[in-house]
Amino acid sequence: MKSTLNVKNCSWDQFASLPTAQKIEFFKKDGRLYDVLISQQFNRELLEELINIANATRRIAKTKEGMIWLKNLLPHKRAMLYFIQPSTRTFLSFLNACHILGISISEVRDPSTSSEVKGETYEDTIRTFSSYVDVIIMRHPQEGYSEKATWVLNNSDRPVPIFNAGSGRDQHPTQALLDIYTLHRNFAKRGGIDGKTIAMVGDLQRGRTVRSLSYLLSNYEDVTLYFVAPERFQMKEDIKSFLEKKDISYHEVDNIDKILGKADAVYMTRIQDEHDVSGESKNYDYSNYRIGPENLSALKEDAIIMHPLPRRNEIDPIVDNDPRAKYWRQERNGMWIRAALLIKVFNVEESVIEYYDSTAI
Ligand code: NCD
């Protein structure tokens, strides 16, 4: 059974206007993680559990026997990859997470090949997907549409889980999970994420990754955030007021040089000019929001550089050779944390941990 909330038969508008705390209850099933839609669903305990599952899974996968064991974990499940916005990493890492766990996949990446062009409503399209699969992983240009898919299916007889793989300018919770996983791994020997200073650089206003990551970072103690962006593209008020309520300290600055000596992690992002209405991002000088070899000496020796990718020129490729550049590992971490999510949602996490403990690889 879904949560005790009586949201069946309510309209989408009524559902959409529920407070976040109520929606989160609705995204669970039998008190467990089910739909993965927004970062506010994840508390520290759940984050740590997912990290443990991801670590166990990647270690099990190091041997052929382990890989075969993982492939037999969820062969009875089918996933739909519905990605109607461009994607390389998120699509491929979910696809490969499914391969690792034996989950079969179907995909729609181009809406012009689906019956949406014949005038089928979004609601009917989602219901149709749910007829064939056990989970729908979706990226959609429209904010809130993955939540809407959940609402649609909960008014149907096949409420399969929905994973949000990027919703317009709003959220990208599974990216934020892999970012937390990357931070956790890199700070494991330095007391974890607690107490760290994390700078986010670039188009913070329209970048969904930095929004989702800000929510997740609020689960940690004494973190300090720096938002480094031109004023026009600074972090939006909703995130700032959320952080204020959670007592997380943040500072807005307009030049990367001001934070290089302070940050434990510098999270770079690209300008999201696909969201321009009238070319507003064209006339900016972005030289204050990039890292090149000339900036590296100012960066702390044990700092890390992250990027959700794809990059443009905000990180000079020469920086890839610096040991503090972690974005390629960050990209690989995505497959493991997404595998962990599927394991958790399909309720086989105990088998994974038991197998890992019994083989002690
Ligand atoms: C990001 C996205 O799609 O929001 N990419 C990704 O999923 N790794 C970042 C971006 O496109 O800038």
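Residues numbered from 1 in each chain as written. Predicted model: local features only at pLDDT ≥ 70, side-chain atom pairs only at ≥ 80, totals over all residues. Heavy atoms only, no water.

**Thoughts on the environment of Glu 45**
In step 1: Within the fold, Glu 45 resides in helix α3 (residues 44–60).
In step 2: Relative accessible area serves as the criterion here: at 63%, Glu 45 is assigned to the exposed category.
In step 3: Note: C-alpha distance between Glu 45 and Ala 298 (253 residues apart in sequence) is 35 Å. (Helix = DSSP H or I, 4+ residues; strand = E, 2+ residues; numbered from the N terminus. Buried < 20%, exposed > 50% of the residue type's maximum accessible area, 1.4 Å probe, protein only.)

**Remarks on the domain arrangement of the protein chain**
In step 1: Assigned domains of the protein chain: these are domain 1 (12–172 + 334–350) and domain 2 (173–274 + 281–332).
In step 2: Placing a centre on the C-alpha atoms of domain 1 and another on those of domain 2 gives a separation of 25 Å.
In step 3: Its largest share of buried area at the contact with domain 2, domain 1 owes to Arg 44, Arg 89 and His 172, together 26% of the area lost on that side.
In step 4: Put simply, domain 1 and domain 2 have three salt bridges between them.
In step 5: In this structure, Arg 44 and Asp 194 form a salt bridge, with 2.9 Å as the shortest nitrogen-oxygen distance. (Domains from an automatic or database assignment. Buried area = accessible area lost by both parts, 1.4 Å probe. Salt bridge = Lys/Arg side-chain N within 4 Å of Asp/Glu carboxyl O.)

**Points about the site of the ligand**
In step 1: Taken together, the residues surrounding the ligand are Thr 90, Arg 139, His 172, Gln 175, Arg 208, Thr 209, Arg 270, Gln 272, Pro 308, Leu 309 and Pro 310.
In step 2: A distance of 3.0 Å separates an oxygen atom of the ligand from a polar atom in the side chain of Gln 272.
In step 3: The separation between a nitrogen atom of the ligand and a polar main-chain atom of Pro 308 is 2.9 Å.
In step 4: Look at the ligand: alone it shows 320 Å² of surface, and the protein chains cover 93% of it.
In step 5: Residue classes in the shell around the ligand are distributed as three nonpolar, five polar and three charged.
In step 6: When we break the shell around the ligand down by domain, the ones giving at least three residues each are domain 1 (12–172 + 334–350) and domain 2 (173–274 + 281–332). (Near = heavy atom within 4 Å. Polar contact = N/O pair within 3.5 Å; in protein donor to acceptor, adjacent residues only side chain to side chain. Areas by Shrake-Rupley, 256 points an atom, 1.4 Å probe, with all protein chains shown as cover. Nonpolar A, V, L, I, M, F, W, Y, C, P; charged D, E, K, R; others polar.)

**Section: the side chain of His 307**
In step 1: Tracing the sequence through the fold places His 307 in the loop between β11 (304–306) and α11 (327–345).
In step 2: At 2.7 Å, the side chain of His 307 and the backbone nitrogen of Leu 309 are in polar contact.
In step 3: At 2.7 Å, the side chain of His 307 forms a polar contact with the side chain of Glu 314.
In step 4: Excluding anything up to four places from it in sequence, His 307 contacts Met 268, Thr 269, Arg 270, Glu 314, Ile 315, Tyr 327 and Gln 330. (Contact = heavy atoms within 4.5 Å.)

**Digging into the pattern of salt bridges**
In step 1: Summed over the entire model, instances satisfying the criterion amount to 31 salt bridges.
In step 2: Across the pair Glu 48 and Arg 44 runs a salt bridge whose closest N-O atoms are separated by 2.9 Å. Taken together, the positions of Glu 48 and Arg 44, both in helix α3 and four residues apart, correspond to about one turn of that helix.
In step 3: Judged by its relative accessible area of 32%, Glu 48 is partly exposed.
In step 4: The network of salt bridges with shared partners includes Asp 203, Arg 206, Arg 232, Asp 273, Asp 276, Glu 280, Lys 282 and Arg 312.

**Some thoughts on the packing of aromatic side chains**
In step 1: By the definition in use, this model includes 13 aromatic pairs.
In step 2: When the centroid spacing of 4.7 Å and the interplanar angle of 80° are considered together, the rings of Tyr 215 and Phe 242 count as edge-to-face. Here Tyr 215, found in helix α9 (residues 208–217), pairs with Phe 242, found in helix α10 (residues 237–245); they are 27 residues apart in sequence, far enough to count as distant.
In step 3: Aromatic pair Phe 227 and Tyr 250: ring centres 5.7 Å apart, planes at 35°, arrangement tilted. Remark: Tyr 250 occurs in strand β9 (residues 249–253) and Phe 227 occurs in strand β8 (residues 224–228); sequence separation between them is 23 residues.
In step 4: Exposure remark for Tyr 250: the relative accessible area of 18% places this residue in the buried category.
In step 5: Ring pairing ties together the aromatic residues Trp 12, Phe 15, Phe 26, Phe 27 and Trp 151, which thus form one cluster.
In step 6: When the ring centre of Phe 91 is taken as origin, the NZ or CZ atom of Arg 109, which lies over that ring, is 3.8 Å away.
In step 7: Of note, Lys 196 hangs over the ring of Phe 187, and the distance from its end group to the ring centre comes to 5.4 Å. (Phe/Tyr/Trp six-rings, centres within 6.5 Å; stacked < 30°, edge-to-face > 60°. Lys NZ or Arg CZ within 6 Å of the ring centre and 35° of its normal.)

**Quick look at the sheet that holds strand β5 (residues 135–140)**
In step 1: A sheet is described by the order of its strands in space; here four strands give the open sequence β4-β3-β5-β6, paired in parallel fashion. Each edge of the open sheet is held by one strand with a lone partner, namely β4 (104–108) and β6 (162–167). Strand-to-strand twist in this sheet, taken as the mean axis angle between neighbours without regard to direction, amounts to 15°.
In step 2: Where β5 meets β6, four bridges bridge the pair, whose relative direction is parallel. Opposite Met 138, over in β6, you have Asn 164 as the bridge partner.
In step 3: Sheet strands touched by helix α5 (residues 89–101): β3 (78–83), β4, β5 and β6. Its angle to β3, the strand with the most contacts, is close to 175°. (Pairing = 2+ DSSP bridges. Axes fitted to C-alpha atoms, helices over the stretch in contact; angles between N-to-C directions.)

**Some words on unusual backbone geometry**
In step 1: In this structure, Pro 310 follows Leu 309 across a cis peptide bond, with omega equal to 10°.
In step 2: Mapped onto the elements of the fold, Pro 310 is located in the loop between β11 and α11.
In step 3: For Asp 222, which is not glycine, the phi torsion reads 55° and is therefore positive.
In step 4: Inspection of the secondary structure assignment puts Asp 222 in the loop between α9 and β8.
In step 5: What makes Asp 222 exposed here is its relative accessible area of 63%.

**Describing the packing of helix α4 (residues 64–71) against α5**
In step 1: Packing of α4 against α5 leaves a shortest axis separation of 6 Å and a crossing angle of 100°. Looking at the two axes, α4 sits roughly perpendicular to α5. Contacts between α4 and α5 involve Met 67, Leu 70 and Lys 71 from the first element and His 99, Ile 100 and Leu 101 from the second.
In step 2: When its residues are assigned to classes, the contact of α4 with α5 shows four nonpolar, one polar and one charged. (Parallel < 35°, antiparallel > 145°, perpendicular 65-115°, else oblique.)

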